[in-house]
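Residue-level listing of the chains:
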Amino acid sequence: MFANAHLQMINPAYGLPGLAFDFADGNDALDARVLLTRAGSATYFDSAGVLQTAGTDVARFDYDPATSAARGLLREGAATNIMQNSEDFSGWTIQNNLTHDSGTVAGPDGNSTADQFSSDGTNGGRAVYPTNITPVAGNTYTFSLFLKDGAGGETDVTSLTFATDWTTANTVRTRTELANGWYRNTVTTDISGSGTFFLPICYPCSGDFNGMNVDAIGYTFGAQFELGPVATSYIQTAGSSASRAADVVRITDLSSVNLAEFTAIVEFVLSGAETTTARVISFEESGSAYARLAKNGATALRAEVEDSGTQFQSSDFTVAAGSVHTAALAVKANDFAAVLDGGTVSTDVSGTVPTASQISLGYDSAVSGEDLYGWLRGLRIYDSRLADAVLQGRAS
């Protein structure tokens, strides 16, 4: 459901939208006109907060596992989990006074897949760490792990700590609440240099790793180590790394769209894992003919129209990861406009309109790597160039 009630209103002066899709209405069904392909499975959270796996070419309607609120259609680029045996912690190095047991409680996936670590209450450093990570210097990596406290457990945002001869910088930690007492903890850092690499997890985590006379239990599930500044959806691994393919979301039946004059209104959320040039929506014919909304930097969104040369380029609008945004793009010969979240409308009164053979959502069919990582929540396409005041209202 569009968060913006204006997007549900139909103004008789402008008629019905030629295309209208709500991806966050809770129906969890993809309209037949929206084509989604993905070469393999991928995970998401259902409305009960349970981690599920969608099969090849199956859409992922994702929910906030802590609140059960619909997030929308999860769309991600490709990613690789280089952590082997992501749900088997028996091969991890276990420091003093910790005991490991496999598959003792229900994990975030609802199955008995979570491992238990318990301490015996005696003094000594308490930590476990993987031994099969081989990062490449000069890259940003994110390590993520699902954690749940048991009796006496005190896992927190500092549970994941780099302890390494490698040089790390710009380290950021997050802790996201899930369902049933689970959290997903992440730590992101820039890695350079060389040496022994390990990342311990402490039980409990108050104070340092030493001298804690506490009987404590903690549960672990789903270790992931990947390139990039944000943890993406969980990728299960066995004895080797595993990859998740990109979601390809497109509309090829444009018979109900007036491509000579239209207004597109799209609601979306960025996860922060996308590149600085990620596409939100693109009306495409080729690499040099398109009308699109795309990121233009870490926190900027821009409308662009190309037709054998730049026809329209809006001012930059500010976007933030995790926030619901509504953007509008209006296209008509010699009459272009764009706006984000009801702000100032950016316009141009000169330019031609390119043809289009498909609408790409969250990616660029002509350029690889321009992927949106996040959620598509809704789309409306009108067969006219809506007035500036209407654009502001419907994108506010």
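As a starting point, this report considers the structure included with it. (Residues numbered from 1 in each chain as written. Predicted model: local features only at pLDDT ≥ 70, side-chain atom pairs only at ≥ 80, totals over all residues. Heavy atoms only, no water.)

## Let's talk about the layout of surface pockets
- Estimated volume of the largest pocket: approximately 700 Å³.
- Lining the largest pocket are 36 residues, and of these Thr 176, Arg 184, Val 230, Ala 231 and Trp 375 lie nearest its centre.
- When contributions to the lining of the largest pocket are tallied by element, the ones reaching two or more residues are strand S3 (42–45), strand S6 (70–75), strand S12 (139–149), strand S13 (167–177), strand S14 (182–192), strand S19 (261–270) and strand S29 (374–382).
- Looking at which element gives the most residues to the lining of the largest pocket, the answer is S14, with 5 residues.
- The residue makeup of the lining of the largest pocket, split by class, is 18 nonpolar, 13 polar and 5 charged. (1 Å grid on protein atoms, 1.4 Å probe; cavity = no way out; pocket = protein on both sides within 12 Å on 5 of 7 lines; lining within 4 Å. Points joined across faces, edges and corners; volume = space filled by probe spheres on them. Helix = DSSP H or I, 4+ residues; strand = E, 2+ residues; numbered from the N terminus. Nonpolar A, V, L, I, M, F, W, Y, C, P; charged D, E, K, R; others polar.)

## Quick word on the pairing of strand S20 (residues 279–286)
- Where burial is concerned, most of S20 is hidden: 6 out of the 8 residues are buried.
- The pairing of S20 with strand S21 (residues 289–295) spans 6 bridges and is antiparallel. Counterpart to Phe 283 in the pairing with S21 is Ala 291.
- In the sheet, S20 pairs with strand S28 (residues 358–361) via 4 bridges, with the strands oriented antiparallel. Note that in S28 the partner of Ser 282 across the bridge is Ser 360. (Buried < 20%, exposed > 50% of the residue type's maximum accessible area, 1.4 Å probe, protein only. Pairing = 2+ DSSP bridges.)

## Quick look at the nonpolar core
- By size, the foremost hydrophobic cluster in this structure holds 42 residues, and its most contacted members are Ile 251, Ile 281, Phe 283, Ile 359 and Ile 381.
- Considering each element in turn, this core owes the most residues, 5 residues, to S19.
- In this view, Ile 281 contacts Ala 264, Val 266, Ala 291, Arg 292, Leu 293, Ile 359, Ser 360, Leu 361 and Leu 379; residues no more than four positions away in its chain are not counted. (Core = buried A, V, L, I, M, F, W, Y, C linked by side-chain atoms within 4.5 Å. Contact = heavy atoms within 4.5 Å.)

## Here we look at the pairing of S19
- Counting buried positions over the 10 residues of S19 gives 9, a clear majority of the element.
- Pairing between S19 and strand S25 (residues 324–332): 9 bridges, direction antiparallel. Its bridge partner lying in S25, Val 266 is registered against Ala 327.
- Here 8 bridges tie S19 to S29, and the two strands are oriented antiparallel to one another.

## Here we look at the environment of Thr 56
- Relative to the assigned elements, Thr 56 resides in the loop between strand S4 (51–54) and strand S5 (61–63).
- Counting along the chain gives 15 residues from Thr 56 to Ser 41, while the straight-line C-alpha distance between them is 5.0 Å.
- If sequence neighbours within four positions are ignored, Thr 56 has contacts with Arg 38, Ala 39, Gly 40 and Ser 41.
- Of note is the side chain of Thr 56, whose polar atom sits 3.5 Å from the backbone nitrogen of Gly 40. (Polar contact = N/O pair within 3.5 Å; in protein donor to acceptor, adjacent residues only side chain to side chain.)

## Observations regarding the packing of aromatic side chains
- All chains considered together, the criterion is met by 10 aromatic pairs.
- Taken together, the ring pairs in this structure connect Phe 89, Trp 92 and Phe 117 into an aromatic cluster.
- Across from the ring centre of Tyr 183, 3.8 Å away, lies the NZ or CZ of Arg 175, which sits over that ring. (Phe/Tyr/Trp six-rings, centres within 6.5 Å; stacked < 30°, edge-to-face > 60°. Lys NZ or Arg CZ within 6 Å of the ring centre and 35° of its normal.)

## Focus on empty space enclosed by the protein
- One pass over the full model with this rule turns up 1 cavity of 30 Å³ or more.
- Looking at the largest cavity, its volume works out to about 30 Å³.
- Lining the largest cavity, in full, are Leu 259, Phe 262, Phe 283, Ala 291, Val 331, Val 353, Pro 354 and Ala 356.
- Of the residues contributing to the lining of the largest cavity, the split by class is 8 nonpolar, no polar and no charged.

## A short note on the environment of Gln 392
- Looking at the secondary structure, you find Gln 392 in helix H1 (residues 388–394).
- Its relative accessible area of 30% is what places Gln 392 among the partly exposed residues.
- Along the primary structure Gln 392 and Val 339 are separated by 53 residues, whereas in three dimensions their C-alpha atoms are 6.7 Å apart.
- Filtering out sequence-adjacent residues up to four positions away, Gln 392 remains in contact with Val 339, Gly 342, Gly 343, Thr 344 and Val 345.

## What about the pattern of salt bridges?
- The full count for this structure, using the stated rule, is 16 salt bridges.
- Between Arg 33 and Asp 31 there is a salt bridge whose closest N-O contact spans 3.0 Å.
- On the basis of relative accessibility, which here comes to 27%, the residue Asp 31 falls in the partly exposed class.
- A salt bridge links Arg 292 to Glu 304; its shortest N-O distance comes to 2.7 Å. In this pair, Arg 292 is assigned in strand S21 and Glu 304 in strand S22 (residues 300–307), connecting sequence segments 12 residues apart.
- One network of salt bridges, with partners in common, ties together Arg 38, Arg 60, Glu 76, Arg 244 and Asp 247. (Salt bridge = Lys/Arg side-chain N within 4 Å of Asp/Glu carboxyl O.)

Just geometry here; none of it tells us what the structure is for.
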